[in-house]
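As a plain string of letters, each chain reads:
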Amino acid sequence: MDVMPKWADVVLIPVISLLLAAILSALVILAIGENPWNALKIMVEGSLGSTYGWGYTLYYATNFIFTGLAVAIAFHARMFNIGGEGQAVLGGLGVALVCLYIPFPHWSLALIAASLGAALFGAGWAIIPAYLQAKRGSHIVITTIMFNFIAAALLNYLLVGALKPAGSMEPATGKFLPGTHLPSFQEMFSTADTVLFRGAPANVSFFVAIAACVVIWALIWRTRLGYEIRAFGHSESAAKYAGISPTKIIVISMSISGALAGMMAINNVMGEAERLVLNAVEGAGFIGIAVALMGRSHPFGVFLAAILFGFLYQGGAELALWTSIPRELIVVIQALVILFTGALDNMVRMPLERFFLARRRAAKPRTKLTPAE
Amino acid sequence: MDLLTLLQLLDSTVRLATPLLLACIAGLYSERAGIFDIGLEGKMLAAAFMSASVAYTTGNVWIGLLAGIGASLVLSAIHGVASITFRGNQLISGVAINFLAAGLTVVIAQSWFAQGGRTPQLAGAARFNPITLPFADALRDVPVIGPIYYELISGHTALVYVAVLIVPLTWWILYATRFGLRLRAVGENPAAVDTAGVSVVGLRFAAVGICGVLCGIAGAYLATALQAGFTKDMSAGRGYIALAALIFAKWKPWPCLWATLLFGLLQALALRPDLIQRTLGFSVQTQLLDALPYILTVVILAGFVGKAIPPRAGGAPYVKER
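Residues numbered from 1 in each chain as written. Chains lettered and ligands numbered in written order. Predicted model: local features only at pLDDT ≥ 70, side-chain atom pairs only at ≥ 80, totals over all residues. Heavy atoms only, no water.

Q: Looking at this structure, how should I read helix α1 (residues 3-32) of chain B?
A: Structural remark: α-helix, 3.6 residues per turn; residues separated by three or four positions point the same way. Residue and element names in this part refer to chain B. Of all the bends in α1, the greatest reaches close to 35° and is centred on Ala17; the proline Pro19 follows between one and four positions later. In terms of residue burial, α1 counts as a mostly covered element, since 23 of its 30 residues are buried. Positive backbone phi, at 90°, marks Gly34, one or two positions downstream of α1. (Bend = angle between axes of the 7 residues up to and from the residue. Helix = DSSP H or I, 4+ residues; strand = E, 2+ residues; numbered from the N terminus. Buried < 20%, exposed > 50% of the residue type's maximum accessible area, 1.4 Å probe, protein only.)

Below you can see the structure in the form of structure tokens.
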């Protein structure tokens with residue numbers, strides 16, 4: 001059945017897709033009259049060349065790990081959660097409510113409570129489309145798109161109304177209470193003599209993200225629920241026959257997905273901005289799609305892909321700073337990655353499969369023919 | 001609310017509904033042929049950019065319109081190749097197209113015009129200008145009918161009339177021509193169409209192509225008629241509202257017109273919160289008006305008010321039996 005060796009599926013196809021995306025991006029850079037090699041150097045230098053750059057790269061990566069895992073776990077149940085953006089917006093609301101009104105004695109308690117708040121709100125926002133898909137048959141992709149817009153309108157409403165401190169003109173909440181301040185990498189790793197990660201927003205939630213990778217890995221491959229999710233994703237009718245309830249799997253996997261997307265807010269809202277502003281998510285919910293596709297829906301792959309996209313994000317910002325290439329170039333790269341690893345997967349896969357088949361055929365007759373001769 | 005204010009409101013409803021209607025009908029062709037298209041937004045955006053920049057460069061809006069349609073068709077071709085030829089996931093392809101357009105338009109606009117991802121303001125022949133229909137001025141002072149004809153029906157750009165004419169045309173094509181019958185069949189049961197000796201691939205590419213042309217007109221309308229030039233992300237979720245309208249209209253042409261007019265009215269009201277305050281006596285949050293199309297669509301999809309059943313073969317690539 002398996003035409004290709006596993007390493008080709010897991011490593012070769014994503015790498016080829018990534019190369020295609022990189023080549024096309026280089027052509028775009030060439031077309032607008034800049035030097036792609038030079039651009040790559042600026043990106044690498046700006047995102048990996050200093051602890052400051054790493055601090056930003058890992059900060060972005062933290063966001064993308066959460067949203068990437070969110071999309072990945074839904075993929076395992078063969079659902080396409082395009083609503084990460086809205087779920088992350090609601091997660092931010094959960095964090096804000098916890099951090100604005102509860103005086104915490106220590107950040108660790110605040111982190112636990114805020115994570116719970118973010119996860120609950122994100123999951124709550126994902127459960128409605130999940131329930132509608134499971135019980136009423138409405139398409140989850142369409143409903144989650146609609147829920148992204150509804151979430152944006154809801155947040156807009158709250159930030160110009162109930163959550164805005166009196167006398168402020170800006171659509172944002174007030175500053176969170178001091179007990180909720182998460183330690184940044186600068187505070188964690190700098191010594192008196194050497195200052196590391198100066199001013200970069202990476203913070204302790206990066207380790208929460210890594211923990212989430214491990215937990216999701218264990219959940220998917222080491223628990224009964226994970227088995228049921230994978231079985232359901234593989235074949236809905238077979239899973240039903242085996243006594244797995246589709247409603248249960250759809251609702252549970254989507255709420256885990258929403259919870260993960262929501263938990264992104266502990267990084268960007270609680271860790272960085274320390275207040276809730278409009279558009280805090282900045283498209284990370286959508287980048288989760290590219291990250292999950294790139295990482296083949298495996299938590300370790302998601303981790304690597306998130307670091308890659310963190311590099312692209314920080315590198316893209318440096319590029320916009322030093323050249324005339326706008327930041328939106330990373331949106332183009334993101335689109336190409338989604339296109340090649342997601343929609344045009346067969347374009348890369350088919351010739352590779354033919355190649356491996358031909359090699360196997362060429363290898364087989366020799367071993368078979370020798371005894372007959 | 002007096003007649004003139006009402007007419008002004010309806011007038012802006014028509015203006016705002018036009019791009020929604022064009023994109024909605026575009027989606028209708030594609031989805032009726034079994035190809036889901038959440039890339040309407042991206043195609044509109046790409047067309048808006050290309051039409052504005054070419055119209056600015058050449059000074060001729062018609063060449064701009066053609067360029068916009070061309071840009072949209074290129075994205076349609078990508079969607080077709082991904083989802084028809086390589087049998088990829090149509091939804092993921094649509095997402096990729098939206099991002100491709102969002103990114104490329106700004107990158108190219110910045111390098112072309114160096115104005116922060118915008119095109120310069122269009123003026124004169126580089127824009128679609130309002131058309132005064134015959135007798136509009138003469139009839140202007142006739143009570144009731146005069147103002148309605150002058151304010152509401154006359155005085156729009158050519159593309160508005162094109163959009164309205166496309167509705168009966170689409171109805172005729174889908175329900176009275178052989179092509180339309182086959183197009184609908186390929187979205188319901190492609191195997192039957194294949195058995196009858198008609199090319200599923202050809203029909204689907206034709207549908208995706210028509211979708212591209214209509215999205216191109218919608219985008220060109222945004223940048224060269226509704227506004228005077230391209231700005232970053234100017235489609236502002238209209239592609240998704242068109243998708244919502246398509247579901248609302250249950251994939252039928254005439255209901256598409258009413259659904260997009262309703263959503264256009266909501267957008268027009270969101271621009272004039274004072275009107276609601278005056279007529280209803282209390283204020284409605286504009287955020288609620290923004291969210292209403294999406295909320296309505298979710299309700300319709302859930303089957304609480306009527307049930308929207310999409311074409312049966314939608315979203316699934318067709319694999320010929322061997």
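Q: Teacher, can you tell me more about the packing of aromatic side chains here?
A: Aromatic ring pairs are defined here through the distance separating the ring centres and the angle between the ring planes. What the rule picks out here adds up to 25 aromatic pairs over all chains. Seen from their ring centres, Phe185 of chain A and Phe206 of chain A are 6.0 Å apart, and the 80° between their planes marks the pair as edge-to-face. Placement of Phe185 of chain A in helix α7 (residues 185-189) and of Phe206 of chain A in helix α8 (residues 205-222) is noted, with a sequence separation of 21 residues between them. No difference in accessibility class separates Phe185 of chain A from Phe206 of chain A, as the two residues are buried. Their ring planes at 5° and their centres at 5.1 Å tell us that Trp112 of chain B and Phe113 of chain B sit as a pair that is stacked. For Trp112 of chain B, a relative accessible area of 38% puts it in the partly exposed group. (Phe/Tyr/Trp six-rings, centres within 6.5 Å; stacked < 30°, edge-to-face > 60°.)

Q: Where do I start with the nonpolar core in this structure?
A: Core analysis: the largest hydrophobic core is formed by 218 residues, its most contacted members being Phe64, Val95 and Ile338 of chain A together with Ile25 and Ile38 of chain B. Residues contacting Phe64 of chain A, with those up to four places away along its chain left out, are Leu69, Ala284, Ile287, Val291, Ala306, Phe309, Gly310 and Tyr313 of chain A. Ala8, Ile13, Leu352 and Phe356 of chain A belong to the second largest nonpolar core, which has six residues in total. (Core = buried A, V, L, I, M, F, W, Y, C linked by side-chain atoms within 4.5 Å. Contact = heavy atoms within 4.5 Å.)

Q: What should I look at first to understand the pattern of salt bridges in this one?
A: Where side chains of opposite charge bring their charged atoms close, a pairing between them can arise. Residues and elements named next belong to chain A. One pass over the full model with this rule turns up 11 salt bridges over all chains. Across the pair Lys175 and Glu274 runs a salt bridge whose closest N-O atoms are separated by 3.9 Å. With a gap of 99 residues between them, Lys175 in the loop between α6 (140-160) and α7 and Glu274 in the loop between α12 (265-273) and α13 (284-294) connect regions that are remote in the sequence. Residue classification places Lys175 among the exposed positions, given a relative accessible area of 55%. (Salt bridge = Lys/Arg side-chain N within 4 Å of Asp/Glu carboxyl O.)

Q: Hey, could you run me through the interface of chain B and chain A in this one?
A: Quite often, the size of an interface is put as the accessible area lost when its parts meet. Contact residues are listed per partner, giving 41 residues for chain B and 41 residues for chain A. Carbon and sulfur atoms supply 83% of the area buried between chain B and chain A, which totals about 3,500 Å² over both sides. Taken as a group, Phe86, Ile92 and Phe99 of chain B account for 18% of the area that chain B buries against chain A, more than any other trio of residues on that side. Where chain B meets chain A, there are one salt bridge. A salt bridge links Glu328 of chain A to Lys232 of chain B; the shortest N-O distance between them is 2.8 Å. Those elements that place two or more of their residues in the side of chain B that touches chain A are α3 (61-85), α4 (90-113), α11 (238-248) and α14 (286-301) of chain B. Residues of the side of chain B that touches chain A, tallied by class, amount to 27 nonpolar, 11 polar and three charged. (Buried area = accessible area lost by both parts, 1.4 Å probe. Nonpolar A, V, L, I, M, F, W, Y, C, P; charged D, E, K, R; others polar.)

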